[in-house]
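# Descriptive structure summary
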There are 2 protein chains.
Amino acid sequence: MLVSVQPGEPMKVMPAPSRRNAAAHPCEQCFQSRFCLPIALPQDELACMRDIMQATVRMHKGEALFEAGQPVSKLYSVHAGSFKSVVGSPDGRQQIVGFHVAGELMGLESFAMRTFATDGVALEDSEACEIDVGTLERHAAASPALLHQIHGLIGNRLACAQQNQFALGSMHAEERLARFLLDLSQRYRARGLSPDAFVLSMTRQDIASYLGLKLETVSRLMTRLHRDGILQVEQRRVRITNRDGLTALLAPPGH
Amino acid sequence: MLVSVQPGEPMKVMPAPSRRNAAAHPCEQCFQSRFCLPIALPQDELACMRDIMQATVRMHKGEALFEAGQPVSKLYSVHAGSFKSVVGSPDGRQQIVGFHVAGELMGLESFAMRTFATDGVALEDSEACEIDVGTLERHAAASPALLHQIHGLIGNRLACAQQNQFALGSMHAEERLARFLLDLSQRYRARGLSPDAFVLSMTRQDIASYLGLKLETVSRLMTRLHRDGILQVEQRRVRITNRDGLTALLAPPGH
DNA sequence: CGTTGTTTTGATCCTCATCAAAACTTGTGG
DNA sequence: CCACAAGTTTTGATGAGGATCAAAACAACG
């Protein structure tokens with residue numbers, strides 16, 4: 001999914017503060033197809049996108065694009081691969097609060113804040129486009145359309161976080177997993193990929209963390225959904241074979 | 001806490017779509033003391049606040065200031081009393097995702113979105129200042145300082161939502177309650193009120209919903225904290241008698 | 001002062017966590 | 001290329017935290 005690293009630079013897979021490889025400019029797709037930045041602008045304002053998106057960074061699996069506490073100067077748009085947003089507590093526990101696949105924006109939660117609130121960690125070898133916050137704000141001040149789009153993105157993110165709160169607080173384990181899979185499916189569809197068959201880029205542990213469960217529970221639930229003919233699961237390959245059955249899990253009889 | 005309603009208008013306590021009582025203009029405090037709108041601007045830009053904050057609405061306990069699905073045209077700043085933000089699901093379950101006391105902004109999660117994502121319901125008889133979104137956006141476009149402050153507020157709200165996700169997904173019941181009480185305490189302190197003694201404006205049921213628990217569990221935990229000498233609880237009056245003990249609950253030995 | 005909603009407390013149950021171990025996958029170095 | 005090491009996933013047995021069911025004490029309200 002990612003072009004191989006140039007020879008000479010050893011590939012560290014463990015999370016390390018090592019500096020990442022930055023290309024000089026993002027790909028043309030970023031401007032043409034809205035693939036990198038989910039923002040639609042009138043033709044005559046498209047030029048500013050070139051200004052906003054300044055570089056592409058390549059991350060190895062497990063590396064952090066940014067870390068909680070760091071000053072915010074960039075946002076990131078996922079160009080290839082996928083990332084997770086992780087919040088940590090002083091006592092060392094941590095929880096995943098979001099996943100980001102290609103075409104989605106990361107770091108929005110930290111927009112206009114001094115420091116990042118989460119770690120942004122690559123789930124696999126990935127690429128992200130850097131977006132300078134200052135430049136973005138400058139352009140946004142001049143373009144109401146751009147500003148409005150950004151606010152829409154932030155609003156969506158907030159609504160999403162509230163839905164997550166609902167899921168974690170009110171849903172049972174099986175419902176949470178069903179919601180997670182349907183959400184992922186929907187996002188792949190938005191990317192133009194198959195909504196029924198996809199490969200999970202995160203471990204059972206990651207899914208469990210996101211859903212407020214333990215990895216054994218997630219594994220058991222996957223197995224159960226497979227047995228019930230709702231999914232075909234083999235390792236990280238998933239195929240939704242009975243979407244209605246999966247959807248039905250969201251409104252359990254007990255409530 | 002709220003001036004009495006004028007005679008002649010019957011007071012409905014049950015949640016009803018009845019129209020609320022709107023005063024012509026917000027109080028002077030809103031501009032002078034940043035009490036109503038937690039935004040600080042340079043002196044020469046303060047005038048626009050008068051433009052942004054157009055009216056004060058009075059809500060009775062249980063009434064909805066706005067409802068999920070309604071088109072967004074106003075934000076609200078709590079002037080007196082308190083509110084809860086509630087998300088609902090198709091099957092009728094609902095969960096509280098936030099509380100708002102005087103001096104805090106509501107509806108931010110819906111900024112720049114077409115429709116509200118939550119219900120905003122008064123926990124007691126309350127007052128809120130209406131803020132016209134269009135006017136606010138227009139002023140923000142002209143004032144980078146104002147825009148930056150708004151983004152900061154939104155960023156805070158998002159960070160808060162992520163912390164809630166962490167709490168719901170990773171914390172035990174007792175920790176969640178401790179966090180809730182300390183958070184509330186901190187917000188009362190920010191208002192200039194006592195951080196140690198306050199009156200909960202929400203029911204046990206509300207607290208339980210917010211924390212992803214059942215009301216019986218919340219009640220039992222309150223009793224336990226009282227027995228352990230950490231709190232004095234009688235009905236909704238709470239006094240924190242051992243803040244260190246309360247804080248210590250946030251980092252349990254088991255983890 | 002009865003009605004209704006809120007809170008407390010008790011007894012029991014169930015979902016999911018925990019502990020444990022084996023099957024399997026992936027990456028590494030000889 | 002194979003063998004070993006480390007990480008991931010599955011499955012089982014057991015336990016605990018919090019939910020559920022039930023009812024009484026208490027406060028608020030008309």
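Quick caveat: nothing in here was measured; it's all calculated off a predicted structure.

## Examining the overall build of chain A
Within chain A, the regular secondary structure consists of eight helices and twelve strands. Of the contacts made within chain A by residues no fewer than 6 positions apart, 73% connect residues no fewer than 24 positions apart. Accessible area of chain A: about 11,500 Å², with a carbon and sulfur share of 53%.

## Observations concerning the protein's contact with DNA strand C
Contacts to DNA strand C come from 17 residues, most closely from A173 and T217 of chain A together with R204, S219 and R220 of chain B. Atoms of DNA strand C within 4 Å of the protein belong to the sugar or the phosphate in 60% of instances, the rest to bases. T217 of chain A has a polar side-chain atom sitting 2.4 Å from a phosphate oxygen of DNA strand C. Taking S219 of chain B, its side chain carries an N or O atom lying 2.8 Å from a phosphate oxygen of DNA strand C. Of all the secondary-structure elements, those providing two or more residues to the surface near DNA strand C are α7 (215-227) of chain A together with α7 (215-227) of chain B. Tallying contributions element by element places α7 of chain B first for the surface near DNA strand C, with five residues. Its residues placed into classes, the surface near DNA strand C shows three nonpolar, seven polar and seven charged.

## A closer look at the relation of the copies chain A and chain B
Superposing chain A onto chain B requires a rotation of 180 degrees together with a translation of 0.0 Å along the rotation axis, leaving an RMSD of 0.0 Å. The transformation just described matches what one would write down for a two-fold rotation axis. In this assembly the copies share their binding face: 100% of the residues contributing to the interface of chain A also contribute to that of chain B.

## Points about the interface of chain A and chain B
Tallying the contact residues gives 42 residues for chain A and 42 residues for chain B. The contact between chain A and chain B buries some 3,900 Å² in all, and 61% of this surface belongs to carbon and sulfur atoms. If you look at where chain A meets chain B, you find two salt bridges. The residue R93 of chain B makes a salt bridge to E175 of chain A at a minimum N-O spacing of 2.5 Å. Where chain A packs against chain B, one counts eleven residue pairs in polar contact (both at pLDDT 80 or more). For the side of chain A that touches chain B, the secondary structure elements donating two or more residues are β6 (94-101), α3 (133-142) and α4 (144-170) of chain A. The greatest single-element share of the side of chain A that touches chain B, amounting to 18 residues, is contributed by α4 of chain A. Here the residues of the side of chain A that touches chain B sort into 19 nonpolar, 16 polar and seven charged.

## Notes on the packing of helix α3 (residues 133-142) of chain B against helix α4 (residues 144-170) of chain B
Residues and elements named next belong to chain B. Close contact between α3 and α4 brings their axes to 5 Å; oriented N to C, the two are set at 120 degrees. Accordingly, the angle class assigned to the pair α3 and α4 is oblique. Contacts between α3 and α4 pair L136, H139, A140 and A142 from the former with P144, L146, L147 and I150 from the latter. The class makeup of the residues in the contact of α3 with α4 is seven nonpolar, one polar and no charged.

## Notes on the protein's contact with DNA strand D
The environment of DNA strand D is made up of 17 residues, and the closest members are R204, S219 and R220 of chain A together with A173 and T217 of chain B. Counting only the atoms of DNA strand D that lie within 4 Å of the protein, the sugar and phosphate share comes to 62%. Between DNA strand D and S219 of chain A there is a distance of 2.8 Å, counted from a phosphate oxygen to a side-chain nitrogen or oxygen. In the environment of DNA strand D, a phosphate oxygen lies 2.3 Å from a nitrogen or oxygen atom belonging to the side chain of T217 of chain B. Here the element with the most residues in the surface near DNA strand D is α7 of chain A; it accounts for five residues. Its residues assigned to classes, the surface near DNA strand D shows three nonpolar, seven polar and seven charged.

## Quick look at the pattern of salt bridges
Counted by the stated rule, this structure contains 18 salt bridges over all chains. Put simply, D132 of chain B and K74 of chain B hold a salt bridge, and the shortest N to O gap is 3.3 Å. Taken as a pair, D132 of chain B in strand β9 (residues 126-132) and K74 of chain B in strand β4 (residues 74-80) lie far apart in primary sequence, 58 residues in all. Assessed through its relative accessible area of 19%, K74 of chain B is described here as buried. What emerges from the salt-bridge pattern is a single network uniting D91 and R93 of chain A together with E175 of chain B.

## What to know about the confidence of the model for chain A
Residue and element names in this part refer to chain A. Put simply, chain A has an average pLDDT of 83, and 81% of its residues get 70 or more. Here strand β1 (residues 21-23) is the element of chain A with the lowest mean pLDDT, 46, and helix α6 (residues 204-211) is the one with the highest, 98. Within the model, the stretch residues 1-25 combines pLDDT values under 50 with 37 contacts to residues more than four positions away or in other chains.

## Notes on the packing of aromatic side chains
Summed over all chains, the structure comprises twelve aromatic pairs over all chains. Among the aromatic side chains, those forming a connected cluster through ring pairs are F66, Y76 and F116 of chain A.

## A short note on the sheet that holds strand β12 (residues 237-240) of chain B
Residues and elements named next belong to chain B. The three strands are arranged β10-β12-β11 in an open sheet whose pairing can be described as antiparallel. On the outer flanks of this sheet lie β10 (197-199) and β11 (231-234), each paired with one strand and no other. Across this sheet, the average inter-strand angle for adjacent strands is 15 degrees, counted without regard to direction. Two elements, β10 and β12, share three bridges in a ladder whose sense is antiparallel. Each residue of the ladder has a partner; that of V199, found in β12, is R237. Here helix α5 (residues 173-190) sits on the sheet and contacts β10, β11 and β12; the angle it forms with β10, its principal contact strand, is near 100 degrees.

Calculation criteria
- Residues numbered from 1 in each chain as written.
- Chains lettered and ligands numbered in written order.
- Predicted model: local features only at pLDDT ≥ 70, side-chain atom pairs only at ≥ 80, totals over all residues.
- Heavy atoms only, no water.
- Helix = DSSP H or I, 4+ residues; strand = E, 2+ residues; numbered from the N terminus.
- Contact = heavy atoms within 4.5 Å.
- Areas by Shrake-Rupley, 256 points an atom, 1.4 Å probe, with all protein chains shown as cover.
- Near = heavy atom within 4 Å.
- Polar contact = N/O pair within 3.5 Å; in protein donor to acceptor, adjacent residues only side chain to side chain.
- Nonpolar A, V, L, I, M, F, W, Y, C, P; charged D, E, K, R; others polar.
- Least-squares fit on C-alpha atoms with pLDDT ≥ 70 in both.
- Buried area = accessible area lost by both parts, 1.4 Å probe.
- Salt bridge = Lys/Arg side-chain N within 4 Å of Asp/Glu carboxyl O.
- Axes fitted to C-alpha atoms, helices over the stretch in contact; angles between N-to-C directions.
- Parallel < 35°, antiparallel > 145°, perpendicular 65-115°, else oblique.
- Buried < 20%, exposed > 50% of the residue type's maximum accessible area, 1.4 Å probe, protein only.
- pLDDT = per-residue confidence, 0-100.
- Phe/Tyr/Trp six-rings, centres within 6.5 Å; stacked < 30°, edge-to-face > 60°.
- Pairing = 2+ DSSP bridges.

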